[in-house]
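Residue strings, one per chain:
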Amino acid sequence: MRKVIILCGIVAVLGGFLWVASSSTQSEAEVLEELLALESATLDGWYGESDPTAYAQLFADKATYFDPWAGGRVEDGDIKEYLMTFMGNVPNLNYEIPNPRVDLYGDAAVFTFNEKTVDPKNGAVVRWNVTLVFVRTGNGWKRVHANWAYAEPPGS
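Attention in this report is confined to the structure presented alongside it. All figures in this text were calculated on a predicted structure; none of them were measured in a lab.

### Things to note about the overall build of the protein chain
Reasoning step 1: For the protein chain, the helix and strand inventory stands at four helices and seven strands.
Reasoning step 2: Listing every helix and strand of the protein chain by position from the N terminus yields α-α-α-β-β-α-β-β-β-β-β.
Reasoning step 3: Considering the protein chain as a whole, with its 156 residues, one finds that 28% of them fall into the buried category.
Reasoning step 4: In the protein chain, once contacts between residues fewer than 6 apart in sequence are set aside, the share between residues at least 24 apart is 50%.
Reasoning step 5: Summed over all atoms, the accessible surface of the protein chain reaches about 9,400 Å², with 58% contributed by carbon and sulfur.

Structure (structure tokens):
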């Protein structure tokens, strides 16, 4: 009996060490760089090819989404379905992500930035305020919330 208790104690201690070792030691600056690269890769397809697939696939199965066209909150699997309705309907736009910031809370990251899109055909500019929430999973970062709001209404 004593051997079983000692063995259980050792397993518990080792499990604790493994949990601590698996927790990320990335700095906010490193996570910012990683999320900025991840977001840029998804937006390249969105704006460059009018293909929201990579952007949609980055969402976790349980998530929420807001934008000016959705008419309210879009949830969970409906997010991917909603985003795919934009396939082929997004003009080719140039974009910039100024003022990115990330705040870490354990395995969650709040990623905020302003976005500026420019239509190369007519020079029309649209500015966005963006808030994204990511969680770190065994397969990398997954988006669990996104809110896209106009910083200035188009044409203002």
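### Digging into the pattern of salt bridges
Reasoning step 1: Counted by the stated rule, this structure contains six salt bridges.
Reasoning step 2: Where R73 meets E75, a salt bridge forms, and the shortest distance between an N and an O atom there is 2.6 Å.
Reasoning step 3: Given the relative accessible area of 52%, R73 is considered exposed.
Reasoning step 4: R127 is the partner of E152 in a salt bridge, and the nearest nitrogen-oxygen pair spans 3.9 Å. Of this pair, E152 sits in strand 7 (residues 140-152) while R127 sits in strand 6 (residues 125-137); the two residues are 25 residues apart in sequence, bridging distant segments of the chain.
Reasoning step 5: Of the residues examined, E152 reaches a relative accessible area of 38% and is grouped as partly exposed.
Reasoning step 6: What makes R127 partly exposed here is its relative accessible area of 34%.

### Description of the nonpolar core
Reasoning step 1: Core analysis: the largest hydrophobic core is formed by 31 residues, its most contacted members being Y55, Y65, L83, L132 and W148.
Reasoning step 2: Elements with a minimum of two residues in this core: helix 2 (28-49), helix 3 (53-57), strand 1 (59-66), helix 4 (77-84), strand 5 (108-118), strand 6 and strand 7.

### Overview of helix 4
Reasoning step 1: Within the sequence span of helix 4, burial applies to I79, Y82 and L83. Projection of helix 4 onto a plane perpendicular to its axis shows the buried side chains occupying an angular sector of 95°, all on one side.
Reasoning step 2: Those residues of helix 4 that are buried lie in contact with helix 2, helix 3, strand 1 and strand 2 (74-75).

### Considering the environment of Y47
Reasoning step 1: Within the secondary structure, Y47 sits in helix 2.
Reasoning step 2: Residues Y47 and N94 lie 47 residues apart in sequence; the distance between their C-alpha atoms is 7.1 Å.
Reasoning step 3: The residues contacting Y47, other than those within four sequence positions of it, are V90, P91, N92, L93, Y95, E115, T117, W128 and W148.

### Remarks on the side chain of R143
Reasoning step 1: Mapping R143 onto the fold places it in strand 7.
Reasoning step 2: According to the relative accessible area criterion, R143 is buried, its value standing at 0%.
Reasoning step 3: Apart from the residues within four sequence positions on either side, R143 is in contact with E39, T42, Y55, L58, F59, A60, A63, L132, V133 and F134.

### Quick notes on the environment of F86
Reasoning step 1: With respect to the secondary-structure elements, F86 resides in the loop between helix 4 and strand 3 (94-96).
Reasoning step 2: Note on F86: relative accessible area 17%, which makes it buried.
Reasoning step 3: Each C-alpha atom, one on F86 and one on P52, is 6.8 Å from the other, the two residues being 34 residues apart in sequence.
Reasoning step 4: Contacts of F86, omitting those with residues within four sequence positions, involve W46, S50, P52, D67 and W69.

### Focus: the pairing of strand 6
Reasoning step 1: Pairing between strand 5 and strand 6: 11 bridges, direction antiparallel. Pairing of N114 across the sheet is with N129, part of strand 6.
Reasoning step 2: Turn length for the strand 5-strand 6 hairpin, with the two strands adjacent in sequence and antiparallel, is six residues, and the turn residue G123 shows positive phi of about 75°.
Reasoning step 3: Counting the residues that bridge the hairpin from strand 6 to strand 7 gives two residues.

Reading the values: rules and limits
Residues numbered from 1 in each chain as written. Predicted model: local features only at pLDDT ≥ 70, side-chain atom pairs only at ≥ 80, totals over all residues. Heavy atoms only, no water. Helix = DSSP H or I, 4+ residues; strand = E, 2+ residues; numbered from the N terminus. Buried < 20%, exposed > 50% of the residue type's maximum accessible area, 1.4 Å probe, protein only. Contact = heavy atoms within 4.5 Å. Areas by Shrake-Rupley, 256 points an atom, 1.4 Å probe, with all protein chains shown as cover. Salt bridge = Lys/Arg side-chain N within 4 Å of Asp/Glu carboxyl O. Core = buried A, V, L, I, M, F, W, Y, C linked by side-chain atoms within 4.5 Å. Arc of directions from axis to C-beta. Pairing = 2+ DSSP bridges.

On their own, these measurements won't tell you what the molecule is for.
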